[in-house]
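Per-entry structural report
Listed below are the residues making up each chain.
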Amino acid sequence: MKKMILLLLINFIFVNVVFSNETETANKLLKSEIDSLIADLPNSLEVDKETSNLLKKLSFNKKEIGLFTYATFQNGILTISGKGYVSEEGASVLSSIKQFVYAVKLEEGTIALPSLSYMPSLMYVSLPSTIKKIGYGAFSNDVSLLKVNIPEGVAEIGAWSFSHCESLKKIIIPNSVMTIRNFAFIYCKQLTDINIPNTITLLQEGIFSYCSSLREINIPESVMEIKTEAFYNCDKLHPLVIPESVTMIADDAF
């Protein structure tokens, strides 16, 4: 009996280590791919002459946007660096160029993710391992967002953080994420599949509601509750396996 329990325990640890390594590898590959796309963006970006001239006028070299925090904007690429937080004045600087930001790269060592919401042209975002939280509405209404990596080490994905990212098809959530807040992925209409790490115990209200293209999702054994409208209007989601660990499914969850 003890031998059987030991074997089961070893198998459980092995599976989790393999899954964790696969997730970490996928994140690194995704980040590498995004970095490459960002590096090539000025050459591959097709814009008219008027927009190209405007981008040149709006471009700026390293500018302080907060205490120990800096931004550079060149050819539609916004690069943020530093170990501080974006000030109100700095947020105003970012807001003034938001219509023309096509890619965002946070340098390694950056600790704060500013709000990048309502950037209609934003397609690619590269985040460093030093980011620990994706805040409330961080990428909401970025309707052109195609790819973003969530690095290993992020512990929380905030409420409404990816809401209305209508072009986002796939996202990898690392095992370091302990909490995904309500409505985090609502109206991600092109999202087809998503992994939920086995660190999540609660699927919050409206977390994937109106993800009308969602076909595949794993609900791990760690999940105990599924809140109201968690998968509301996900009419292409089939089949769906709900583990025995789930003890409460709220009204209108599906």
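Residues numbered from 1 in each chain as written. Predicted model: local features only at pLDDT ≥ 70, side-chain atom pairs only at ≥ 80, totals over all residues. Heavy atoms only, no water.

1. Concerning the overall build of the protein
Applicable threshold: A helix here means a DSSP run of H or I that spans at least four residues, while a strand means a run of E at least two residues long, and both kinds are numbered starting from the N terminus. Exposure classes here rest on a 1.4 Å probe applied to the protein chains alone. A residue is buried below 20% of its type maximum, exposed above 50%, and partly exposed in between. Two residues form a contact once any of their heavy atoms are found within 4.5 Å. Shrake-Rupley sampling with a 1.4 Å probe provides the accessible areas, and residues are treated as covered by the protein chains on show and by no other component.
Counting its secondary structure elements, the protein contains three helices and 15 strands. The buried share of the protein, reckoned over its 254 residues, is 44%. Contacts in the protein between residues at least 24 apart in sequence constitute 32% of all its contacts with a sequence separation of at least 6. Of the roughly 13,100 Å² that the protein leaves accessible, carbon and sulfur atoms contribute 55%.

2. Here we look at the packing of aromatic side chains
Applicable threshold: Two rings belonging to Phe, Tyr or Trp (six-membered ring only in the last case) form a pair when the distance between their centres is within 6.5 Å. Interplanar angles under 30 degrees mark stacking, angles over 60 mark edge-to-face geometry, and anything in between is tilted.
Within this structure, the stated rule accounts for nine aromatic pairs. An angle of 15° between the planes, with centres 5.5 Å apart, marks the rings of Phe185 and Phe208 as stacked. With a gap of 23 residues between them, Phe185 in the loop between β10 (179-180) and β11 (193-194) and Phe208 in the loop between β12 (202-203) and β13 (216-217) connect regions that are remote in the sequence. Accessibility expressed as a relative area gives 0% for Phe208, which makes it buried. A ring pair is formed by Tyr187 and Tyr210, whose centres lie 4.6 Å apart and whose planes are at 10°; its orientation type is stacked. A residue pair is termed long-range when its members are at least 10 positions apart, and Tyr187 in the loop between β10 and β11 and Tyr210 in the loop between β12 and β13 qualify at 23 residues. By relative accessible area, which is 25% here, Tyr187 ends up partly exposed.

3. Digging into the confidence of the model for the protein
Let me state the cut-off plainly: The pLDDT value expresses, per residue, how confident the predictor is, ranging between 0 and 100.
On average, residues of the protein carry a pLDDT of 87, and 90% of them reach 70 or more. When mean pLDDT is taken per element in the protein, strand β8 (residues 156-157) scores highest with 97 and helix α1 (residues 2-44) scores lowest with 66. Here residues 2-10 scores under 50 on pLDDT; set against residues more than four positions off or in separate chains, the count is zero contacts.

4. A word on the nonpolar core
Within soluble globular proteins, side chains that are nonpolar tend to cluster in buried spots. Worth spelling out the cut-off: The definition of a nonpolar core used throughout is a set of buried Ala, Val, Leu, Ile, Met, Phe, Trp, Tyr and Cys residues joined through side-chain atoms within 4.5 Å.
Core analysis: the biggest nonpolar cluster contains 67 residues, and Phe139, Phe162, Phe185, Phe208 and Phe231 have the highest contact counts within it. Those elements that provide at least two residues to this core are α1, β1 (60-66), β2 (69-74), β3 (77-82), α3 (88-97), β4 (103-106) and β5 (124-126). It is α1 that contributes the most residues to this core, four residues altogether. Apart from residues lying up to four places away in sequence, Phe139 is in contact with Leu113, Leu116, Ser117, Val125, Ile134, Leu145, Val148, Ser161, Phe162, Ser163 and Cys165.

5. Let's talk about the pairing of β1
The side chains of a regular strand alternate, residue by residue, between the two faces of the sheet. As a reminder of what qualifies: In this analysis, strands are considered paired if DSSP registers two or more bridges between them.
Where β1 and β2 come together, four bridges link them in antiparallel fashion. In the sheet register, Gly66 faces β2, and the bridge partner there is Thr69.

6. A look at unusual backbone geometry
Across residues other than glycine, the phi torsion is negative in most instances, and most of the peptide bonds are trans. For Glu229, which is not glycine, the phi dihedral falls at a positive 60°. Along the chain, Glu229 falls in the loop between β14 (225-226) and β15 (248-249). The backbone phi angle of Asn233 is positive, close to 65°, even though this residue is not glycine. Turning to its location among the elements, Asn233 is positioned in the loop between β14 and β15.

7. Here we look at the side chain of Ser140
Here Ser140 shows up in the loop between β6 (133-134) and β7 (147-148). Looking at Ser140, the relative accessible area reads 8%, which means it is buried. Other than its neighbours up to four places away in sequence, Ser140 contacts Ser117, Tyr118, Trp160, Ser161 and Ser163.

8. Here we look at the environment of Thr201
Looking at where Thr201 falls in the secondary structure, it is placed in the loop between β11 and β12. Take Thr201: its relative accessible area is 40%, and that puts it in the partly exposed class. Setting aside residues up to four positions removed in sequence, Thr201 forms contacts with Ser222, Val223, Met224 and Glu225.

9. Concerning the environment of Glu244
Looking at the secondary structure, you find Glu244 in the loop between β14 and β15. Separated by 24 residues in sequence, Glu244 and Pro220 place their C-alpha atoms 9.8 Å apart.

10. Describing the environment of Ile173
As for its placement among the helices and strands, Ile173 is situated in the loop between β9 (170-171) and β10. Those residues within four positions of Ile173 in sequence are excluded, and the remaining contacts are Thr23, Ile157, Ile180, Phe185, Ile194, Asn195 and Pro197.

11. Things to note about the sheet that holds β12
A sheet is described by the order of its strands in space; here three strands give the open sequence β12-β14-β15, paired in parallel fashion. Taken across any chain shown, the strands that pair with only one partner, and hence form the sheet edges, are β12 and β15. Pairing of β12 with β14 involves two bridges; the strand directions are parallel. When the bridges of β14 are listed, Leu203 appears paired with Ile226.

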